[in-house]
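# Per-entry structural report
Spelled out, the chains give:
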Amino acid sequence: MSSPTPASVTPLKLRASSLEASSIDSPILRPLPASLSNPPIVSPALSSARRVASSIPARNPIALRLYKVLGANYQDPSTLEALETLSSFYSSSPATESILGETHDHVMVDEPEAAAEDEGIIEWNVDRKARNDLRRNTNPNLKNIGTELAGNARKNLRRDLETKLAESSRRFLQAFAEVDQKLDALETHVQDMHRRCDEAEAKLQATNEGCKNLLERAAGLQSQRQVTAGHQSIVNLFLSRFTLTEAETESVVSRDVPVGQQVFATMDRVESIRNDCRVLLSGEEGETKAGLDIMSLTSSLMDQAYHKIARWCSFEFRQMGRDSQLEVGPIMREAVKRLRQRPELLNESLKVLIEVRQNTLLNSFIDALTRGGPGGLPRPIELHAHDPTRYVGDMLAWIHQAVAGEREYLESLFDVRGDGRMVGSVRVSKTTEEEGYITQLMDSDLVKLCTPLRVRVQQTIRSQEGSITSYKIANLLQFYLITIQQTIGSEAILSQTLKEITDVAYRVFFDTIDAQGRSLLRFLHPPEPDLAAPLALRDQIHVLREIMGVYESSLMGENDPAEREREFSQILEAAIDPAMEMCNKMCELKKDLTSWNRAIFLINCYVFVQNALQAYSFTGQYVEQLQKEVDKNVRILTTEHYEYLLHESGLGPIISAINTAAPDTPLSREPVASSQAVTAALGLFDTFLSQLDVVSSPRLLLLSVPRLSTMVHRKALHSVALEYGRVCDAVRKPENKYEFSGTLLGSRRPFGEMRVLWQVLGIDEENPDVTL
């Protein structure tokens, strides 16, 4: 730093001198301008004031304002009163008192007062009485005193003001003298500081010259440090992206860290590193050693992680597989999901689960059969072995519950969401990987239940002698077979076992039905006199009705109607065909049984079976077959009844003659068709109509269905009426040479009129089943 120059000191001195000049030329000390100094009052004092004012500079506004006030014309009373008050502050002179003492004569101003006015020293003291007289203008000598008093007051006031202004300026200059001294001291200190700064600058320059090489080397090292820091940040970013932390590595390789979210997060991190590394290896430079090393290291870590998860799953499966009520936690679900990436490890763990679940389910099933539930409730299933249906149903219900529980557990294990189906609805099979695992595991878990179930059910089935119980068991097995097949598939071992048991049950049932049919044919007897359905047939149909009720309430009743009818047709054939064969053989046992009675007996049997089948929708085809047999026998009855009625009516010989007459021979020439024979026959016909019951016939009372007896009777009467019309036509034909044919026919009812005959019989000509 350079030494101080005279130029740096000069402003301080100039600042002090300027302050001194400004204090002398302050606005307070400046005189008023001449234009505002005095009012136009003619007096020696005012003239002196004007002289003083003319010498005051006109650039001080405070002085201008002051001289403006002092130079005004103060003639008004209020201003005079103010000036009087102002004059009271100054001491009185002998001249003034002499003037006030002669107030009644005149007012005088002595010479000393005039001299004092010229010098600027005026003393003014007026007592209270003189001032009051002056205000009231009671003394004519005081009229000119106001102007002189005002001038004196102005001079005294100016004197006081100038004195105070001068005193203030002196104090101001003294204060600035102290400031000037302090500025001089400050200047000394500044010069000393400049000197020391110059010395420091010289030493610094010498030091810079000596450290130049060191600074250049430091600059080079700093640039290298920046480059190294950039490389280090790149390396750190690379390591943070392609390597694991110590905690992450520890979670995979250490046995102390349990399988959990930390392990799964590490595996996700490793997988992310491998994906990034694949991108690195697929760059333009090709495979790099770092990329290959990273892939090798991460592959080893992933293998260790998968083996750790597999070991943990095997251990957990051994622990949780012994419980009948299973709950799968989120960690287990995630572990199984990740092991699906390594099927060989997952299969090893699942083998442990299968073994444990097989033993657990088998022990639970045996306990349910022999010991019951906790505390004895529910009771052991084998306590109901005396009731075959309940015994088999309880076993199948336990199996179904176990299947449903196992299915729910495995769905939770493999995180399979529900498909939203309603309870009891058919499960839609899916071909997903999870569904394949679930099906395989369920098949394996339930395999040990097949043997005890098969042994007990088959033993129960073979011990049954009644067809109803056999069918109930078979139908129950069929129901659970369909249900379990929809859950675990038809290829499962349990499904095949149930199908095998179901086939055995149906085989036993059909064997029982066949044995009952053979027993019907073994013990035959002739029909009863009332020609009603035999007792053996009634028992057989009662058994069939029970079987149809069971079938109607089963699952198979919900299938397609044609399918239901086809499935049950085999049972109908096995149960009804032997019974119908028994009825036909019973007719053959009675040698004197007429065709009439045989037809009635068979109609009663067929109708009894038909009435039992009509209540069910799946027997329509067999009901139609029975209806054909009924119609066949009804036609036999109608034909025989017609012949009987034709003989009873007396028209039989004439109809025979008409049917056998030669074409060239008149009918009247036949002995049985002569006029006399025709007259006798018409008389018998009239008697027949009088005694006829047009609704039913006593010969048809043995028919069990009144509707059929009425139908047979009316059809036979319709045929007889048609034959009567043939007789009338034959009599009216000229070639038959009947004399007085009108008289011959009109002698007896119905007088040869078919219309009358239809009305008498109450039958419609076109449809005999319609009643007129």
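Nothing here was measured: the structure is a model prediction, and the numbers come from that model. (Residues numbered from 1 in each chain as written. Predicted model: local features only at pLDDT ≥ 70, side-chain atom pairs only at ≥ 80, totals over all residues. Heavy atoms only, no water.)

### Focus: the overall build of the protein chain
For the protein chain, the count of helices and strands is 28 helices and 0 strands. Looking at the protein chain residue by residue over its 772 residues, the buried ones come to 41%. (Helix = DSSP H or I, 4+ residues; strand = E, 2+ residues; numbered from the N terminus. Buried < 20%, exposed > 50% of the residue type's maximum accessible area, 1.4 Å probe, protein only.)

### Considering the packing of helix H17 (residues 450-462) against helix H19 (residues 493-522)
A pair of packed helices is characterised by two quantities: the angle between their axes and the separation of those axes. Remark: H17 packs on H19, axes separated minimally by 10 Å, with the N-to-C direction vectors making an angle of 5°. With respect to their mutual orientation, H17 and H19 come out roughly parallel. Residue-level contacts link Cys 450, Leu 453, Arg 454, Val 457, Gln 458, Ile 461 and Arg 462 of H17 to Ile 493, Leu 494, Thr 497, Leu 498, Glu 500, Ile 501, Val 504, Ala 505 and Val 508 of H19. (Axes fitted to C-alpha atoms, helices over the stretch in contact; angles between N-to-C directions. Parallel < 35°, antiparallel > 145°, perpendicular 65-115°, else oblique. Contact = heavy atoms within 4.5 Å.)

### Some words on the nonpolar core
The biggest cluster of nonpolar side chains holds 132 residues, and the ones touching the most others in it are Phe 317, Leu 413, Leu 494, Leu 537, Leu 544, Phe 568 and Leu 613. In this structure, Leu 613 is in contact with Leu 544, Met 548, Leu 572, Ile 576, Thr 619, Tyr 622, Val 623 and Leu 626, ignoring residues within four places of it in sequence. Among the nonpolar cores identified, the runner-up in size contains 33 residues, and Ile 654, Leu 692, Ala 716 and Tyr 724 belong to it. (Core = buried A, V, L, I, M, F, W, Y, C linked by side-chain atoms within 4.5 Å.)

### Quick word on the pattern of salt bridges
Summed over the entire model, instances satisfying the criterion amount to 25 salt bridges. The residue Arg 195 makes a salt bridge to Asp 192 at a minimum N-O spacing of 2.3 Å. Of this pair, Arg 195 and Asp 192 both sit in helix H8 (residues 145-210), separated by 3 residues, roughly a single helical turn. Here Asp 192 falls in the partly exposed class, since its relative accessible area comes to 29%. A salt bridge links Glu 500 to Arg 454; its shortest N-O distance comes to 3.7 Å. Taken as a pair, Glu 500 in helix H19 and Arg 454 in helix H17 lie far apart in primary sequence, 46 residues in all. Using a relative accessible area of 38% as the deciding quantity, one classes Glu 500 as partly exposed. Judged by relative accessible area, Arg 454 falls into the partly exposed class, the value being 23%. (Salt bridge = Lys/Arg side-chain N within 4 Å of Asp/Glu carboxyl O.)

### What about the side chain of Glu 565?
If you trace the backbone, Glu 565 turns up in helix H21 (residues 561-589). Arg 564 provides the closest opposite charge to the buried, salt-bridge-free Glu 565, at an N-O distance of 8.3 Å. The contact partners of Glu 565, leaving out residues within four places of it in the chain, are Ser 617, Phe 618, Gly 620 and Gln 621. (Lys, Arg positive; Asp, Glu negative; His and termini not counted.)

### Description of the environment of Phe 315
By the secondary structure assignment, Phe 315 is in helix H12 (residues 289-320). Take Phe 315: its relative accessible area is 46%, and that puts it in the partly exposed class.

### What about H17?
For H17, spanning 13 residues, the distance from its first C-alpha to its last is 18 Å, which sits close to the expected 18 Å at 1.5 Å a residue. Looking at H17, one finds that the buried residues are Cys 450, Pro 452, Leu 453, Val 457, Gln 458, Thr 460 and Ile 461. Turning to H17, the residues buried within the fold contact helix H14 (343-370), helix H15 (388-413), helix H18 (467-488) and H19. (Expected span 1.5 Å × (residues − 1).)

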